[in-house]
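The lines below spell out each chain.
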Amino acid sequence: MLKSMSSSDDHLVSLIVSSTGKSHLRQIHAVLLRTSLIRNSDVFHHFLSRLALSLIPRDINYSRRVFSQRTNPSVSHCNTMIRAFSVSETPGEGFRLFRALRRRKSSSLPANPLSSSFALKCCIKSADLLGGLQIHGKIVTDGFLSDSLLLTTLMDLYSTCEKSNHACKVFDEIPKRDTVSYNVLISCFLRNKRTRDALFLFDKMKKNEEVDGCSKPDNVTCLLALQACSSLGALDFGEKVHDFIEGNGLGDALNLNNTLVSMYSRCGSMDKAYKVFNRMREKNVVSWTAMISGLAMNGFGREAIEAFEEMLKLGVSPEEHTLTGLLSACSHSGLVDEGMMFFDRLKSGEFKMKPNVHHYGCMVDLLGRARLLDRAYDLIKSMEMKPDSTIWRTLLGACRVQGNVELGERVVSHLVELKAEEAGDYVLLLNTYSSVGKWEKVTEVRSLMKEKRLFTKPGCSVIELQGTVYEFVVDDVSHPRKEEIYGKLAEINQQLKIAGYKAETASELHNLDSEEEKGCALTYHSEKLAIAFGILVTPPGTTIRVTKNLRTCVDCHNFAKFVSGVYDRVVIVRDRSRFHHCKDGSCSCNDFW
DNA sequence: GTAGGGTTAG
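Per an unreviewed UniProt entry, chain A goes by the name DYW domain-containing protein and belongs to Microthlaspi erraticum. You can read under Sequence similarities (unreviewed entry) in the UniProt record for chain A the words "Belongs to the PPR family. PCMP-H subfamily."

Here it is, written out as structure tokens:
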């Protein structure tokens, strides 16, 4: 049966949907109440939708009031309200409304997949796993398990709640998986640190696409895959994604090109980053920032400054990220005067922004490297905003390098105050003590760490060979070729010793627990294992690229330098904060250890 | 326009 609507209702509806602003809607509301037209379900729904969803800024209180005045809301009315709550600051209310709706046994309101969908959105917004599990139960009893869209939303819920295994199970149950469901799972893997699984899935999509034709990677997939490559430093895989982008007509997408520039930089391949950047038909501030930050990370400080100046010349206004890249370029390349000059210009308002916590962080790093520790401390104290733990850690790192015990202790007390102490902080303090021979203090810190039950994060290094990513941890024995790898490492150690390499493990107490247990047994850091594996399985002359999750230590840094000379290989190690391009026995980095 | 799924470039 077609619903007939009188011409005046029609007029009213068009008035509602074209209404602008809250006062306008209030007037309409008054008319609706006066004429009793508010009782008309359709008219009411149009009004509620406009009020709850289209009006910007939204007024959830007004919507809630209007909704509660309705005596017999329909499923659609409830759905609109649940949806409104899902984008409000009180998503929990949406979930409660859903539960009330589904509990109303006496009512004849039918189960509706959209109710579940909007309620899931509410749970996603508030990361409410329990609520999500309840909705999942309802989806099963309501018989909605064949609804792919609904299941995709459910996956997103599990992803948000860090339950990637649940998300995988739901994915397996989706009757018809398409590009979006794959993308949700990939983003779930990225969010939950299952980066290698994300790449595996990208490959699977490409293969499946030939079979079913509806899971072809799109620009979102490529963006996610490139992010995965960036975080792993997986250059070969990144190039495969790049080829796919070019081969499928996505080569002009600005966001993809910007991400490509960033990916190549973060994989240590500045020439490829440059190539993409230069070929871009369209560039925005993000493109420039990606380039500047990439140059900074790889130790090309002067080039980063040149790029920044060229950007200004072209009339592109920098953003906060741009300045972060620029200042970090100065600090990483030891360009103290330049860094200070840019920071002064930033403070003067020339770039139409105020320095943020990241900008201050770069300056603390810069001053720390310039051995101006007290100035760095004063700078932190002068900040308008509250210094975060990262900024204190930067200073702590500088204290360790320069053996400044007194300031190091003070910095740790700030971290304690912030309730942000980590094992790594105490390791830095401990190393500061040991660098000046305060052994009783070293023991004290060790027992303090035990007392506080602080454990160091395991170091992990990855190396990619022909698109496959291999992962190593300290003293890794999980690799099938472990004997060969350890054999190779022993050989490398011998060769390096001849060349003058001396293991330097005393100053870096990176692996406290095992070191104590094993006495003086040899401990192999993950990056050494990864480098040895690379030497073992690649032909002579091949560049070795290793990515590490933590900062690399002095010893491994020296190890990489010597390997580059003795084995005539370019060794590129990316650690948590920068690149070490080692060639002919020396490193591009400016870190003075 | 009474409707629902993924991305937040640096």
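## Remarks on the overall build of chain A
Each helix and strand in chain A was counted, giving 30 helices and six strands. Seen through its principal axes, chain A has C-alpha atoms that stretch 95 × 55 × 55 Å. Sorting the 593 residues of chain A into buried and exposed places 49% on the buried side. Pairs at least 24 apart in sequence give 65% of the contacts found in chain A among residues at least 6 apart. Averaged over its 77 positive side-chain charges, chain A has a centre that lies 6 Å from the centre of its 70 negative ones.

## Here we look at unusual backbone geometry
Although it is not a glycine, Ser 36 adopts a positive phi angle of roughly 65°. By secondary structure assignment, the location of Ser 36 is in the loop between α2 (21-35) and α3 (41-54). Its identity is not glycine, yet Ala 127 carries a phi of approximately 50°, on the positive side. If you trace the backbone, Ala 127 turns up in the loop between α7 (113-125) and α8 (129-142). Here Ala 127 falls in the partly exposed class, since its relative accessible area comes to 42%.

## What about the packing of aromatic side chains?
Summed over the entire model, instances satisfying the criterion amount to 13 aromatic pairs. Ring centres of Phe 472 and Phe 533 lie 5.5 Å apart, and the angle between their planes is 55°; on these two criteria the pair is classed as tilted. With Phe 472 in strand β2 (residues 468-473) and Phe 533 in helix α29 (residues 526-537), the pair connects residues that are 61 residues apart, well separated along the chain. For the pair shown, Phe 472 and Phe 533 are each scored as buried. Connected via pairs of aromatic rings, a cluster forms that spans Phe 202, Phe 237 and Phe 244. A cation sits over an aromatic face here: Arg 70 above Phe 44, 4.7 Å from the ring centre. Its end group placed over the ring of Phe 277, Lys 283 keeps NZ or CZ at 4.8 Å from the ring centre.

## Let's talk about empty space enclosed by the protein
One pass over the full model with this rule turns up one cavity of 30 Å³ or more. Counted as a void, the largest cavity has a volume near 40 Å³. As for the largest cavity, its lining consists of Gly 233, Arg 266, Cys 267, Arg 545, Val 546, Thr 547, Ile 572, Arg 574 and Phe 579. Those elements that place two or more of their residues in the lining of the largest cavity are β3 (544-548) and β4 (571-574). The leading source of residues in the lining of the largest cavity is β3, at three residues. Across the lining of the largest cavity, the residue classes break down as four nonpolar, two polar and three charged.

## Some points on helix α6 (residues 91-103)
For α6, which comprises 13 residues, the first-to-last C-alpha distance of 19 Å matches the rise-based estimate of 18 Å (1.5 Å per residue) to within 8%. For α6, the full list of buried residues reads Pro 91, Glu 93, Gly 94, Phe 95, Leu 97, Phe 98 and Leu 101.

## What to know about the packing of α3 against helix α4 (residues 60-68)
Two numbers describe how α3 lies on α4: the axes approach to 9 Å, and their chain directions differ by 160°. Relative to α4, α3 is oriented roughly antiparallel. As for the relative orientation of α3 and α4, their crossing is left-handed in sense. Between α3 and α4, the contacting residues are Phe 44, Phe 47, Leu 48, Leu 51 and Ala 52 on the first element and Tyr 62, Ser 63, Val 66 and Phe 67 on the second. For the contact of α3 with α4, a count of residues per class yields eight nonpolar, one polar and no charged.

## Side note on the UniProt feature "repeat: PPR" (unreviewed entry) in chain A
UniProt marks residues 178-208, 253-283 and 284-318 with the feature "repeat: PPR" (unreviewed entry), using the numbering shown here. Between the end C-alpha atoms of residues 253-283 there is a gap of 11 Å, over a span that is 74% helix and 0% strand. Note that residues 284-318 is 74% helix and 0% strand, and that its end C-alpha atoms are spaced 10 Å apart.

## Regarding the side chain of Asn 356
Mapped onto the fold, Asn 356 is located in the loop between α20 (336-347) and α21 (357-369). Once residues lying within four places of it in the same chain are set aside, the contact partners of Asn 356 are Glu 320 and Met 385.

## Topic: the pattern of salt bridges
Oppositely charged side chains are able to pair whenever their charged atoms sit close together. Applying the stated criterion across every chain yields a total of 24 salt bridges. For Glu 93, the salt bridge is made with Arg 64, and the minimal N-O distance between the two is 2.7 Å. With Glu 93 in helix α6 and Arg 64 in helix α4, this pair connects stretches of sequence that are 29 residues apart. Residue Glu 338 pairs with Arg 302 through a salt bridge whose shortest N-O separation is 3.0 Å. Taken together, the positions of Glu 338 in helix α20 and Arg 302 in helix α18 (residues 301-313) put the pair 36 residues apart, joining distant regions of the chain. The class of Glu 338 is partly exposed, set by a relative accessible area of 21%.

## Quick notes on the sheet that holds β2
Read from one edge to the other, the open sheet built from six strands follows the order β2-β1-β3-β4-β5-β6, with strand pairing classed as mixed. Only two strands of the sheet have a single neighbouring strand rather than two, namely β2 and β6 (586-587). For strand β1 (residues 460-465) and β2, the ladder comprises six bridges, and the chain directions are antiparallel. Within β2, the residue paired with Val 462 across the bridge is Glu 471.

## Structural notes on the protein's contact with DNA strand B
Taken together, 40 residues sit near DNA strand B, with Val 17, Asp 42, His 46, Asn 183 and Asn 255 positioned nearest. The contact atoms of DNA strand B, taken as those within 4 Å of the protein, divide so that sugar and phosphate hold 30%. Taken together, the residues of the surface near DNA strand B break down into 13 nonpolar, 20 polar and seven charged.

## Notes on the environment of Val 462
Among the secondary structure elements, Val 462 is positioned in strand β1. Along the primary structure Val 462 and Arg 83 are separated by 379 residues, whereas in three dimensions their C-alpha atoms are 43 Å apart. If sequence neighbours within four positions are ignored, Val 462 has contacts with Leu 232, Val 469, Tyr 470, Glu 471, Arg 545, Val 546 and Thr 547.

## Focus: the pairing of β4
Here is the key point about a regular strand: its side chains alternate between the two faces of the sheet. Residues Val 571 and Val 573 point to one face of β4 and Ile 572 and Arg 574 to the other, with burial holding for every one of them. In the sheet, β3 pairs with β4 via four bridges, with the strands oriented parallel. Residue pairing in the sheet places Arg 545 in a bridge with Ile 572 of β4. Following the backbone out of β3, through helix α30 (residues 554-566) and into the adjacent parallel β4, one traces a crossover that is right-handed. The pairing of β4 with strand β5 (residues 579-583) spans four bridges and is classified as antiparallel. Looking at β5, one finds that Ile 572 is bridged to His 581.

Definitions and cut-offs
- Residues numbered from 1 in each chain as written.
- Chains lettered and ligands numbered in written order.
- Predicted model: local features only at pLDDT ≥ 70, side-chain atom pairs only at ≥ 80, totals over all residues.
- Heavy atoms only, no water.
- UniProt positions renumbered as here; feature names shortened; annotations may be inferred.
- Helix = DSSP H or I, 4+ residues; strand = E, 2+ residues; numbered from the N terminus.
- Buried < 20%, exposed > 50% of the residue type's maximum accessible area, 1.4 Å probe, protein only.
- Contact = heavy atoms within 4.5 Å.
- Lys, Arg positive; Asp, Glu negative; His and termini not counted.
- Charge placed at Lys NZ, Arg CZ, Asp CG, Glu CD.
- Phe/Tyr/Trp six-rings, centres within 6.5 Å; stacked < 30°, edge-to-face > 60°.
- Lys NZ or Arg CZ within 6 Å of the ring centre and 35° of its normal.
- 1 Å grid on protein atoms, 1.4 Å probe; cavity = no way out; pocket = protein on both sides within 12 Å on 5 of 7 lines; lining within 4 Å.
- Points joined across faces, edges and corners; volume = space filled by probe spheres on them.
- Nonpolar A, V, L, I, M, F, W, Y, C, P; charged D, E, K, R; others polar.
- Expected span 1.5 Å × (residues − 1).
- Axes fitted to C-alpha atoms, helices over the stretch in contact; angles between N-to-C directions.
- Parallel < 35°, antiparallel > 145°, perpendicular 65-115°, else oblique.
- Left-handed = near helix turned anticlockwise from the far one by under 90°.
- Salt bridge = Lys/Arg side-chain N within 4 Å of Asp/Glu carboxyl O.
- Pairing = 2+ DSSP bridges.
- Near = heavy atom within 4 Å.
- Right-handed = clockwise from strand over helix to strand, strands pointing away.

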